[in-house]
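# A look at the structure
Given next are the chains, with one letter for each unit.
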Amino acid sequence: MDLEQLRKTAAEVVARDDVKYLIGWKKGSYGYRVAPVFVEDAAGVAELIFSPLCTANLTTYLTLVEKTPLPRGQEADKRKVALMVKGCDSRAVVQLLVEKGIHREEVIVIGCPCPGVVDQSLLVEKYGDTEEPVEVKWNGDGFMLVRGGEEIKIPRDEVLAEKCRLCRYPNPVISDHLIGAEVEKWSPAEDSGVSELDAKDVDGRWEYWEEQFNKCIRCYSCRNVCPLCYCQDCILDRLNPTWINRAVNFSENTAFNISRAFHLAGRCIECGECERVCPANIPLGKINRKMAREVREKYGFEPGLDPEAEPFQASFKPDDPEDFIL
Amino acid sequence: MSDNYEPNIVAFLCNWCSYAGADLAGTSRVQYPANIQVIRVMCSGRVNPLYVMNALQQGADGVLVSGCHPGDCHYMEGNFYARRRLGMLKDLMEFVGVDPKRFHMSWVSASEGHKWKEVVEKTVEDAREAGPFEGFRRRQIDW
Ligand code: SF4
Ligand code: SF4
Ligand code: SF4
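What you are looking at is a predicted structure, and each value in this text was computed from that prediction instead of being measured. (Residues numbered from 1 in each chain as written. Chains lettered and ligands numbered in written order. Predicted model: local features only at pLDDT ≥ 70, side-chain atom pairs only at ≥ 80, totals over all residues. Heavy atoms only, no water.)

## Comments concerning the site of ligand 3
Taken together, Cys-229, Cys-231, Cys-234, Ile-235, His-263 and Arg-267 of chain A make up all the residues around ligand 3. Of the residues belonging to the shell around ligand 3, the class tally is four nonpolar, one polar and one charged. (Near = heavy atom within 4 Å. Nonpolar A, V, L, I, M, F, W, Y, C, P; charged D, E, K, R; others polar.)

## With respect to the pattern of salt bridges
All names here are of chain A. Enumeration over the complete set of coordinates arrives at 29 salt bridges over all chains. The residue Arg-267 makes a salt bridge to Glu-99 at a minimum N-O spacing of 2.7 Å. Note that Arg-267 is positioned in the loop between α10 (250–263) and α11 (273–277) and Glu-99 in the loop between α3 (87–98) and β5 (107–111), a separation of 168 residues in sequence. Each member of the pair, Arg-267 as well as Glu-99, is classed as buried. Its salt-bridge partner being Asp-237, residue Arg-223 comes within 3.0 Å of it at the nearest N-O pair. In this pair, Arg-223 sits in helix α9 (residues 221–225) while Asp-237 sits in the loop between α9 and α10, placing the two residues 14 residues apart along the sequence. (Salt bridge = Lys/Arg side-chain N within 4 Å of Asp/Glu carboxyl O. Helix = DSSP H or I, 4+ residues; strand = E, 2+ residues; numbered from the N terminus. Buried < 20%, exposed > 50% of the residue type's maximum accessible area, 1.4 Å probe, protein only.)

## Concerning the pairing of strand β4 (residues 80–85) of chain A
Residue and element names in this part refer to chain A. Burial of β4 is extensive: six of the six residues sit out of reach of the surface. Side chains Lys-80, Ala-82 and Met-84 of β4 all project onto a buried face; the interleaved residues Val-81, Leu-83 and Val-85 project onto the opposite face, where all are buried too. Where strand β1 (residues 19–27) and β4 come together, four bridges link them in parallel fashion. Each residue of the ladder has a partner; that of Leu-22, found in β4, is Ala-82. In terms of strand pairing, β4 meets β5 through five bridges, oriented parallel. Paired with Ala-82 across the strands is Ile-108, a residue of β5. Handedness of the crossover joining β4 and β5 through α3: right-handed. (Pairing = 2+ DSSP bridges. Right-handed = clockwise from strand over helix to strand, strands pointing away.)

## Looking at the pairing of strand β4 (residues 103–107) of chain B
Residues and elements named next belong to chain B. A large share of β4 lies buried, amounting to five of its five residues. Burial of the side chains of β4 extends over both faces: Phe-103, Met-105 and Trp-107 are buried on one face and His-104 and Ser-106 on the other. Pairing of strand β3 (residues 62–67) with β4, which is carried by five bridges, proceeds in the parallel orientation. Paired with Ser-66 across the bridge in β4 is Ser-106.

## Thoughts on the site of ligand 1
Residue and element names in this part refer to chain A. If you check the shell around ligand 1, you find 14 residues, and the closest are Cys-216, Cys-219, Tyr-220, Cys-222 and Cys-278. Elements with a minimum of two residues in the shell around ligand 1: α9 and α10. Residue classes in the shell around ligand 1 are distributed as eleven nonpolar, two polar and one charged.

## Some points on the packing of helix α12 (residues 284–299) of chain A against helix α3 (residues 78–96) of chain B
Axis separation between α12 of chain A and α3 of chain B bottoms out at 10 Å; the angle between their running directions is 135°. As judged from the angle between their axes, α12 of chain A and α3 of chain B are oblique. As α12 of chain A packs across α3 of chain B, the resulting crossing turns out to be right-handed. Residue-level inspection shows Lys-286, Ile-287, Lys-290, Met-291, Glu-294, Val-295, Lys-298 and Tyr-299 of chain A of α12 of chain A in contact with α3 of chain B, the latter providing Arg-83, Arg-84, Gly-87, Met-88, Asp-91, Leu-92, Phe-95 and Val-96 of chain B. By residue class, the composition of the contact of α12 of chain A with α3 of chain B is eight nonpolar, one polar and seven charged. (Axes fitted to C-alpha atoms, helices over the stretch in contact; angles between N-to-C directions. Parallel < 35°, antiparallel > 145°, perpendicular 65-115°, else oblique. Left-handed = near helix turned anticlockwise from the far one by under 90°. Contact = heavy atoms within 4.5 Å.)

## Some words on the interface of chain A and chain B
At the junction of the two partners, chain A supplies 45 residues and chain B supplies 41 residues. In total, about 3900 Å² of surface goes out of reach between chain A and chain B, with carbon and sulfur atoms giving 68% of it. Area buried by chain A at its contact with chain B is led by Trp-243, Phe-316 and Leu-326 of chain A, which between them contribute 20% of it. Counting across the interface, chain A meets chain B through four salt bridges. For the salt bridge of Asp-91 of chain B with Lys-298 of chain A, the shortest nitrogen-to-oxygen distance reads 2.8 Å. Joining chain A to chain B, the criterion identifies 20 residue pairs in polar contact (both at pLDDT 80 or more). Secondary-structure elements contributing two or more residues to the side of chain A that touches chain B are α7 (192–199), α8 (202–214), α10 and α12 of chain A. Broken down by element, the side of chain A that touches chain B gets its largest block of residues, nine residues, from α10 of chain A. (Buried area = accessible area lost by both parts, 1.4 Å probe. Polar contact = N/O pair within 3.5 Å; in protein donor to acceptor, adjacent residues only side chain to side chain.)

## Considering the sheet that holds strand β7 (residues 142–147) of chain A
Backbone-to-backbone hydrogen bonds join strands into a sheet, with any given pair of strands oriented parallel or antiparallel. Residue and element names in this part refer to chain A. Strand order in the open sheet formed by three strands is β6-β7-β8, with antiparallel pairing between adjacent strands. Among the strands making up the open sheet, the edge pair consists of β6 (134–139) and β8 (150–154). Averaged over all pairs of adjacent strands, the angle between their axes in this sheet comes to 25°, without regard to strand direction. With five bridges joining them, β7 and β8 adopt antiparallel strand pairing. Paired with Arg-147 across the bridge in β8 is Glu-150. Sitting on the sheet, helix α4 (residues 120–127) touches β6, β7 and β8, and the angle it makes with β8 is about 115°.

## Concerning the domain arrangement of chain A
All names here are of chain A. For chain A, the domain assignment lists domain 1 (1–188) and domain 2 (190–318). Distance between the C-alpha centres of domain 1 and domain 2: 24 Å. Facing the 24 residues of domain 1 at the interface are 28 residues of domain 2. Here domain 1 and domain 2 share an interface that buries about 2200 Å² over both sides, 53% of which is from carbon and sulfur atoms. Looking at the side of domain 1 facing domain 2, the largest losses of area belong to Arg-91, Gln-95 and Val-98, adding up to 25% of the total buried there. Applying the counting criterion to the domain 1 and domain 2 interface returns four salt bridges. Where Glu-270 meets Arg-168, a salt bridge forms, and the shortest distance between an N and an O atom there is 3.7 Å. Applying the counting rule to domain 1 against domain 2 returns nine residue pairs in polar contact (both at pLDDT 80 or more). At the level of elements, α2 (60–64), α3 and α6 (162–165) are the ones that each hand at least two residues to the side of domain 1 that touches domain 2. The element contributing the most residues to the side of domain 1 that touches domain 2 is α3, with eight residues. Within the side of domain 1 that touches domain 2, the residues separate by chemical class into twelve nonpolar, seven polar and five charged. (Domains from an automatic or database assignment.)

So this is what it looks like as structure tokens:
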């Protein structure tokens, strides 16, 4: 990744009058941590980085901004927001455009072709955690960990995030500025997590998810981090009607998890953020990818690719499959 | 499961076709199992997937959603949306391990009293096979 080109482009973008800020990644406070950064002027661009540790999907911040009512006589701030995206993140931007969650003229997309990011928990597991400042870089086919002057080569498969092994769109599908050259696509791994569950019978699957959903503490991190869970009036917060009780027990947890997955069916772009942030380590990605697979195979639809597409759940085809109907 | 177990079925019927079809079955004295609790909705497209989930949580062992045949929807296309959404819900529930026998969808028109009988029989039979869905019940608190 060409950091110089990134910072140069970023400086040009934030210097524009019609740009409010740029959302990117910067080094976190210690160790492997990476934090989001909001760059408002050219002085801030020196902080920007793009490395295998930049796992977070920054698209979430587009919809997290609170749009409070304007005092009378005050003009809305119509300036654009610039945003750094990887391949998967860019699909979230497209899906937001499809849903009119954002409008094209409100964003400037800075596309970063992505050779795959690391799963921090795997990195910690294999190479230990650290509080020293470290660096992780792409290095040929794998990664390079620079720690205390020592350079450790890491084979790609050892720490590559699961979503990246399965990734079909490593290059941004939408961008106004592309940083560096597009990466060569790799053939996505077979999604064994989903297939293994598919091979079980229903009772086996119920058992599996019973154990998983029982762990859920209903922190709603998975919803909060998701770039596509941005309903102002989320069913989970509603009291009247109370669709899902707040009690943390298996019944409510399951209803919640089914609802969340259902609301994202045909919308989830498989950025893996929900699973990454889940404190209970519930494999939410499996559910999401299962639904994505159904939607792709049965309905021939993939979210987050075509900004002109109709939202999947708000459209239909006369010849949708109906073999399940009595 | 005891021998005299009778499943509870909640059926969401659209006002214009399936409800009228069930009504016809009644006025024509067609006999069908009494396990079904009918909830009339204006259109099968109005059935929020959360209704299905709530019914199962609140004591249903099976759920049926029924609407007009494709092309006959009173609102032109409501049942097409329902077909797409509820079809996905069925796949999702199956993946989570809810027996697919617990959820059915059907097209029953206002003149199909006999089809209604068959649909109900099939739904009840399937739910009976699947057994009581105790695992998913909402916790009830008796104050
Ligand atoms: S992040 Fe995990 S524990 Fe938290 S609500 Fe979501 S599934 Fe449950
Ligand atoms: S559901 Fe998870 S994987 Fe899908 S878009 Fe949301 S955060 Fe990303
Ligand atoms: S869980 Fe459903 S209602 Fe809540 S924010 Fe996500 S999509 Fe919206």
